[in-house]
2 protein chains.
Amino acid sequence: MFRVLLRMEFLPTTPNNKNLEQKIIDLLKRSSLSVTDSRKKILESFFQKNSALAHADIELQVGDEFDRVTIYRTLQTFVDKGIIHTIPTPDNAVLYALCKDSCSAGHHHDNHVHFICDNCNKTYCLEHVVVPTIAMPNNFIASQIDMVVSGVCDFCNASS
Amino acid sequence: MFRVLLRMEFLPTTPNNKNLEQKIIDLLKRSSLSVTDSRKKILESFFQKNSALAHADIELQVGDEFDRVTIYRTLQTFVDKGIIHTIPTPDNAVLYALCKDSCSAGHHHDNHVHFICDNCNKTYCLEHVVVPTIAMPNNFIASQIDMVVSGVCDFCNASS
DNA sequence: TAGGTTTTGCAACTATGTTGCAATAGCTTA
DNA sequence: TAAGCTATTGCAACATAGTTGCAAAACCTA
Ligand SMILES: [Zn+2]
Ligand SMILES: [Zn+2]
Ligand SMILES: [Zn+2]
Ligand SMILES: [Zn+2]
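Residues numbered from 1 in each chain as written. Chains lettered and ligands numbered in written order. Predicted model: local features only at pLDDT ≥ 70, side-chain atom pairs only at ≥ 80, totals over all residues. Heavy atoms only, no water.

Q: Where do I start with the coordination of the zinc ion (ligand 2) in this structure?
A: Metal coordination angles have textbook ideals: 109.5 degrees for a tetrahedral set of four donors and 90 or 180 degrees for an octahedral set of six. Residue and element names in this part refer to chain A. Protein-derived coordination of the zinc ion (ligand 2) comes from H85 (NE2), H112 (NE2), H114 (NE2) and C125 (SG), at a distance range of 1.9 to 2.2 Å. Geometry at the zinc ion (ligand 2) is tetrahedral, judged from its 4 donor atoms and the angles of 99 to 116 degrees they form at the metal. Each donor residue of the zinc ion (ligand 2) lies on one chain, and together they are spaced H-x26-H-x1-H-x10-C. (Donors = N, O, S within 2.8 Å, 3.2 Å for Na, K, Ca; no water. Tetrahedral: all angles 85-135°; square planar, octahedral: opposite > 155°, others 65-115°.)

Okay, here's the thing in structure tokens:
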């Protein structure tokens, strides 16, 4: 029992972390950013959590190690470089999530729907659900559409 | 010249204001709210501007007369009573706009698309553009959908 | 108009986000 | 690999947004 637990928690994470760190370093270099501890740690949070994060979430995770201001600036830098995108939410908290490869500095293409679970409060990028185009009234010209869906996510539905 | 200006600004607004004030009083009573100066003035702003307002906009208009806190509480009360609804925006400012008659205390039905003009920065309720339903991934259940479109509004398009 | 009830203003507080600047860390090249 | 340049970070101070408790004032009912 104890060995099983060890195997599940430790053995796989050691090589994964190596891979992940290299992946993160590559991503930073590809984005012409210098590789610093705070950037690595913050990116690591995104890759590990695999859901959208608020500034406050990140501060909880790495706030002892890095200053609030550094986190703000790092997130802004990542947005500028096309590494993460922002998600507007109905209750007006800014969330951030990793972009797919198609985004680059100054040019985001995150035209997917976002989903917020009312139960577990996690926010997901529904990468495969594209925001539909809609007919605008006369002389209104749409350049960007944000669609945020709230409800109950698959995990919460399964466990109830 | 001077008389024309007077006619345009004063004559029509006097009867309109009377009508408007009565309309506002009726709305407050219908919502089981006592009729106070701040509530009247704040509602008046919404009816006159005819576009979404932020707390800051309202504070600019009536901030000399009423306290910041009163404005916050009044807006919250109006939302609770189904008089105004909130609009989530990509840049994370809370906006408020008048509801149609179908909303009531605790039950909003504002399933229309919102439009934010990048040029004049006004936000509109596109009452006639209903938010489309979309197919959710397996086991995700949608209960609410927010759709916010940015671009250039009809007025800004006409004047360029 | 008097009474109880609701609303308001004030003060203090928390949370969130920004800016300037000096110290530090990262990168480049010799 | 070490020096020097540049980019990043931490700190302090500030700015804005929003919340809470409580006493005073306004509102509604009878
Ligand atoms: Zn992106
Ligand atoms: Zn996303
Ligand atoms: Zn409503
Ligand atoms: Zn609306």
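Q: Would you mind going over the coordination of the zinc ion (ligand 4) with me for this structure?
A: Residues and elements named next belong to chain B. Every protein donor of the zinc ion (ligand 4) is listed here as H85 (NE2), H112 (NE2), H114 (NE2) and C125 (SG), and their distances to the metal cover 1.9 to 2.2 Å. For the zinc ion (ligand 4), the 4 donor atoms are set out with angles of 99 to 116 degrees between them, so the coordination reads as tetrahedral. One chain supplies every donor for the zinc ion (ligand 4), spaced along it as H-x26-H-x1-H-x10-C. One end of the pair, H114, is in strand β4 (residues 112–117); the other, C125, is in strand β5 (residues 123–130), and 11 residues separate them in sequence. For H114, a relative accessible area of 3% translates into the label buried. (Helix = DSSP H or I, 4+ residues; strand = E, 2+ residues; numbered from the N terminus. Buried < 20%, exposed > 50% of the residue type's maximum accessible area, 1.4 Å probe, protein only.)

Q: Please clarify how the protein's contact with DNA strand D should be interpreted in this entry.
A: Lining the immediate environment of DNA strand D, one finds 19 residues, of which T36(A), S38(A), T70(A), R73(A) and V35(B) sit closest. Those atoms of DNA strand D that come within 4 Å of the protein belong to sugar or phosphate at a rate of 65%. The separation between a phosphate oxygen of DNA strand D and a polar side-chain atom of T70(A) is 2.3 Å. Of the residues forming the surface near DNA strand D, the biggest block, 4 residues, is contributed by helix α5 (residues 68–80) of chain B. Of the residues assigned to the surface near DNA strand D, the class counts are 6 nonpolar, 6 polar and 7 charged. (Near = heavy atom within 4 Å. Polar contact = N/O pair within 3.5 Å; in protein donor to acceptor, adjacent residues only side chain to side chain. Nonpolar A, V, L, I, M, F, W, Y, C, P; charged D, E, K, R; others polar.)

Q: Whenever I open this one, unusual backbone geometry confuses me. Can you help?
A: Glycine aside, a negative phi is what most residues show, and trans is what most peptide bonds show. Residue and element names in this part refer to chain A. In this model, N50 sits at a positive phi of 60 degrees, which is unusual for a non-glycine residue. On the secondary structure map, N50 appears in the loop between α3 (37–49) and β1 (53–54). Looking at N50, the relative accessible area reads 64%, which means it is exposed.

Q: Just checking my understanding: could you explain helix α5 (residues 68–80) of chain A for this structure?
A: Spacing of three or four residues puts side chains on the same side of an α-helix, whose turn is 3.6 residues. Residue and element names in this part refer to chain A. Relative to the 18 Å expected for 13 residues at 1.5 Å per residue, α5 spans 19 Å between its end C-alpha atoms, a close match to the ideal helical length. I71, T74, L75, T77, F78 and V79 are the residues of α5 that are buried. Of the residues flanking the start of α5, the one acting as N-cap is D67, its side-chain oxygen 2.9 Å from the backbone nitrogen of V69. Just downstream of α5 lies G82, where phi reads positive at about 75 degrees. (Expected span 1.5 Å × (residues − 1).)

Q: What's the story with the environment of V35(A) in this structure? I'm lost.
A: Residues and elements named next belong to chain A. Note on placement: V35 falls in the loop between α2 (13–30) and α3. Sequence separation between V35 and I25 is 10 residues; the distance between their C-alpha atoms is 6.5 Å. Look past the residues within four positions of V35 in its chain and what remains in contact with it is I25, L28, K29 and K40. (Contact = heavy atoms within 4.5 Å.)

Q: Help me understand the relation of the copies chain A and chain B, please; the structure alone is not making it clear to me.
A: Both copies of the chain are related by one operation, a rotation about an axis with a shift along it. Overlaying chain A with chain B gives an RMSD of 0.1 Å, the required rotation being 180 degrees about an axis along which the chain moves by 0.0 Å. Expressed as an axis order, the relation between the two copies is that of a two-fold axis. Scanning chain A for the C-alpha nearest the rotation axis identifies M147(A), at a separation of 2.3 Å. Of the interface residues in chain A, 100% have counterparts in chain B that sit at the interface too, so the contact is made through matching surfaces. (Least-squares fit on C-alpha atoms with pLDDT ≥ 70 in both.)

Q: Help me understand the protein's contact with DNA strand C, please; the structure alone is not making it clear to me.
A: Around DNA strand C, the surrounding shell holds 19 residues, and the nearest of these are V35(A), T36(B), S38(B), T70(B) and R73(B). Of all DNA strand C atoms lying within 4 Å of any protein atom, the proportion belonging to sugar or phosphate reaches 65%. Within the side chain of R68(A), a nitrogen or oxygen atom sits 3.0 Å from a base oxygen of DNA strand C. When contributions to the surface near DNA strand C are tallied by element, the ones reaching two or more residues are α5 of chain A together with α3 (37–49) and α5 of chain B. Looking at the surface near DNA strand C, its residues break down into 6 nonpolar, 7 polar and 6 charged.

Q: Any chance you could explain the confidence of the model for chain A here in plain terms?
A: Segments scoring low in pLDDT should not have their predicted coordinates read at a detailed level. Residue and element names in this part refer to chain A. Looking at chain A as a whole, its pLDDT mean stands at 88, while 89% of the residues score no less than 70. Taken element by element, the predicted model of chain A shows its lowest mean pLDDT in helix α1 (residues 2–9) (32) and its highest in α5 (98). Long-range and interchain partners of residues 1–14, a stretch whose pLDDT sits below 50, account for 2 contacts in this model, where long-range means more than four residues apart. (pLDDT = per-residue confidence, 0-100.)

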